[in-house]
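# An overview of the molecular structure
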Amino acid sequence: MFSFGTRNVGIDLGTANTLVYIEGKGIVLREPSVVARNTRTDEVVAVGAAAKEMLGRTPGSIKAIRPMRDGVIADYETTVAMLKYYLNKALGNGKTNPKVVIGVPSGVTAVERRAVTDAARVAGARDAFVIEEPFAAAVGAGLPVMEPTGSMVVDMGGGTTDVATISLGGIVSSRSIRMAGDRLDDAIMTYIRQNYSVLIGEQSAERLKMEIGSADVEKAADMDGTTIRGRDLVTGLPKTIEVSAVDVAEAIKDVIAEIIVAIKETLEETSPEIAADVIDHGIILTGGGAMLHHIDEVIADATKVPVLIAPEPLDAVVLGTGEILKSIDVLNNN
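Model, not experiment: these values are computed from the prediction.

### With respect to the packing of helix α8 (residues 245-269) against helix α10 (residues 295-303)
Relative to each other, α8 and α10 sit at 50 degrees, their axes nearing to 10 Å. With respect to each other, α8 and α10 are oriented oblique. When you trace α8 past α10, the crossing you get is right-handed. Of the residues in α10, those touching α8 at Ile 256, Ile 260, Ile 263, Lys 264 and Leu 267 are Ile 295, Val 298, Ile 299, Ala 302 and Thr 303. Tallied by class, the residues present in the contact of α8 with α10 amount to 8 nonpolar, 1 polar and 1 charged.

### Describing helix α9 (residues 272-281)
If you check which residues of α9 are buried, you get Ile 274, Asp 277 and Val 278. Take α9 and look down its axis: the buried residues cluster within an arc of 100 degrees, on one side only. Opposite the packed face of α9, turned more than 90 degrees from it, sit the exposed residues Pro 272, Glu 273 and Asp 280.

### Considering the UniProt feature "binding site: ATP" (unreviewed entry) in the chain
If you check UniProt for "binding site: ATP" (unreviewed entry), the listed places come out as Thr 15, Ala 16, Asn 17, Gly 158, Gly 159, Thr 160, Glu 206, Arg 207, Leu 208 and Lys 209 in our numbering. Here, the largest pocket is lined by Thr 15, Ala 16, Asn 17, Gly 158, Gly 159, Thr 160, Glu 206 and Lys 209 out of the annotated residues. As for its placement among the helices and strands, Thr 15 is situated in the loop between β1 (9-13) and β2 (17-22). On the accessibility criterion, Thr 15 (3% relative accessible area) is buried. Contacts of Thr 15, omitting those with residues within four sequence positions, involve Ser 33, Arg 66, Met 68, Arg 69, Asp 70, Gly 71, Gly 158, Gly 159 and Asp 182. There is a polar contact of 2.8 Å between the side chain of Thr 15 and the backbone nitrogen of Gly 71. Considering the arrangement of structural elements, one finds Leu 208 in helix α6 (residues 202-212). Beyond its immediate stretch of four places on either side in the chain, Leu 208 contacts Ile 188, Ile 200, Gly 213, Thr 226, Ile 228, Val 243 and Val 248.

### Description of the side chain of Arg 66
Inspection of the secondary structure puts Arg 66 in the loop between β6 (62-65) and β7 (68-69). Within the local environment of Arg 66, its side chain forms a polar contact with the backbone oxygen of Thr 15, the two atoms lying 3.3 Å apart. Here Arg 66 is in contact with Thr 15, Ala 16, Ser 33, Val 34, Asp 182 and Glu 202, once residues within four sequence places are set aside.

### Description of the nonpolar core
The biggest cluster of nonpolar side chains holds 44 residues, and the ones touching the most others in it are Ile 188, Ile 200, Ile 256, Ile 263 and Ile 283. When contributions to this core are tallied by element, the ones reaching two or more residues are β11 (151-156), α5 (181-196), α6, β16 (238-243), α8, α9, β17 (283-286) and α10. For this core, the element with the highest residue contribution is α8, accounting for 12 residues. Once you skip the residues sitting within four places of it in the chain, Ile 188 turns out to touch Ile 200, Ala 205, Leu 208, Lys 209, Val 248, Ala 251 and Ile 252. Judged by nonpolar contacts, the second largest core, of 29 residues, contains Ile 22, Met 82, Leu 87 and Ala 90.

### Digging into the environment of Lys 25
The residue Lys 25 is located in the loop between β2 and β3 (26-32) in this model. Note on Lys 25: relative accessible area 55%, which makes it exposed. Lys 25 sits 225 residues away from Glu 250 along the chain, and the two C-alpha atoms are 42 Å apart.

### A word on the pattern of salt bridges
Here the structure, examined in full by the defined rule, presents 20 salt bridges. Residue Asp 118 pairs with Arg 121 through a salt bridge whose shortest N-O separation is 3.8 Å. Of this pair, Asp 118 and Arg 121 both sit in helix α3 (residues 110-122), separated by 3 residues, roughly a single helical turn. Given the relative accessible area of 34%, Arg 121 is considered partly exposed. With a shortest N-O distance of 2.7 Å, Arg 175 and Glu 269 are connected by a salt bridge. Here Arg 175 is found in strand β13 (residues 170-177), whereas its partner Glu 269 is found in helix α8, with 94 residues between them in sequence. Judged by its relative accessible area of 45%, Glu 269 falls in the partly exposed class. A single network of salt bridges, built from pairs that share partners, joins Arg 66, Arg 69, Asp 182 and Glu 202.

What counts and what doesn't
- Residues numbered from 1 in each chain as written.
- Predicted model: local features only at pLDDT ≥ 70, side-chain atom pairs only at ≥ 80, totals over all residues.
- Heavy atoms only, no water.
- Axes fitted to C-alpha atoms, helices over the stretch in contact; angles between N-to-C directions.
- Helix = DSSP H or I, 4+ residues; strand = E, 2+ residues; numbered from the N terminus.
- Parallel < 35°, antiparallel > 145°, perpendicular 65-115°, else oblique.
- Left-handed = near helix turned anticlockwise from the far one by under 90°.
- Contact = heavy atoms within 4.5 Å.
- Nonpolar A, V, L, I, M, F, W, Y, C, P; charged D, E, K, R; others polar.
- Buried < 20%, exposed > 50% of the residue type's maximum accessible area, 1.4 Å probe, protein only.
- Arc of directions from axis to C-beta.
- UniProt positions renumbered as here; feature names shortened; annotations may be inferred.
- 1 Å grid on protein atoms, 1.4 Å probe; cavity = no way out; pocket = protein on both sides within 12 Å on 5 of 7 lines; lining within 4 Å.
- Polar contact = N/O pair within 3.5 Å; in protein donor to acceptor, adjacent residues only side chain to side chain.
- Core = buried A, V, L, I, M, F, W, Y, C linked by side-chain atoms within 4.5 Å.
- Salt bridge = Lys/Arg side-chain N within 4 Å of Asp/Glu carboxyl O.

Structure (structure tokens):
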């Protein structure tokens with residue numbers, strides 16, 4: 001049992017981005033989950049946005065990496081360094097040892113959950129607790145999670161897509177699949193390589209996804225295309241190509257199909273009462289994937305259930321951890 005104070009912190013430790021919420025202040029930090037290290041000295045060179053700019057551009061002595069993969073810690077030491085940096089940056093000098101609530105994917109194992117809490121403690125947290133991301137996202141989106149009514153959330157992050165039905169302060173049924181923003185980027189890179197013989201990087205693929213990505217191939221035909229630069233695999237020289245929105249939609253359609261399968265499977269596991277509530281209230285989309293053009297319409301068409309995008313989809317998880325900091329009852333029930 002513990003009491004909540006003003007120094008307590010909520011963290012959305014995402015594969016793509018890390019967000020930090022301080023009780024009483026709100027969201028104080030929003031940075032990419034990227035760390036650049038000197039491979040010779042093992043010294044951290046840059047963290048966050050500065051490190052992300054180095055992806056694919058570093059010399060041999062510096063390596064820019066994303067320590068979170070598929071929603072879990074892939075590089076423990078680097079994750080600790082990143083968390084320590086963000087906690088110090090968010091709290092400022094002289095404010096240490098906060099109690100921390102961290103959002104994690106619903107499908108993580110007990111070992112992976114322990115790795116997250118251990119990393120937070122080593123980084124300077126006095127104590128650390130984990131909360132499942134779809135539950136935190138539902139709280140952050142303002143859903144009535146503590147009431148005897150069913151809600152459904154699809155949190156489309158960078159590493160995982162978490163689907164859950166929630167009622168009376170707990171998750172009733174859920175799916176966590178490693179089909180999310182990173183897989184969309186990979187699919188775009190593969191498509192461009194196979195169809196244009198041009199190699200593009202992660203950041204270029206992400207830009208295509210954000211600017212002209214659509215979950216609906218037919219509606220993508222009405223969208224403008226854009227240019228992208230990469231390396232010609234035939235000549236080995238730099239090349240600029242025109243990419244259409246249909247190209248991007250074709251590239252990502254299989255990943256979108258997998259996400260829809262997970263949503264359908266979760267719906268099939270729900271009781272008739274909760275299914276009826278979901279039809280009444282709709283499916284709520286959160287996370288960066290909710291920003292993909294036409295994703296709400298495609299999911300609604302496939303499930304025959306209304307789909308709504310949360311007011312602040314990118315912030316839903318961290319806002320949820322912030323709300324959970326205020327209520328020990330919610331934390332104890334999860």
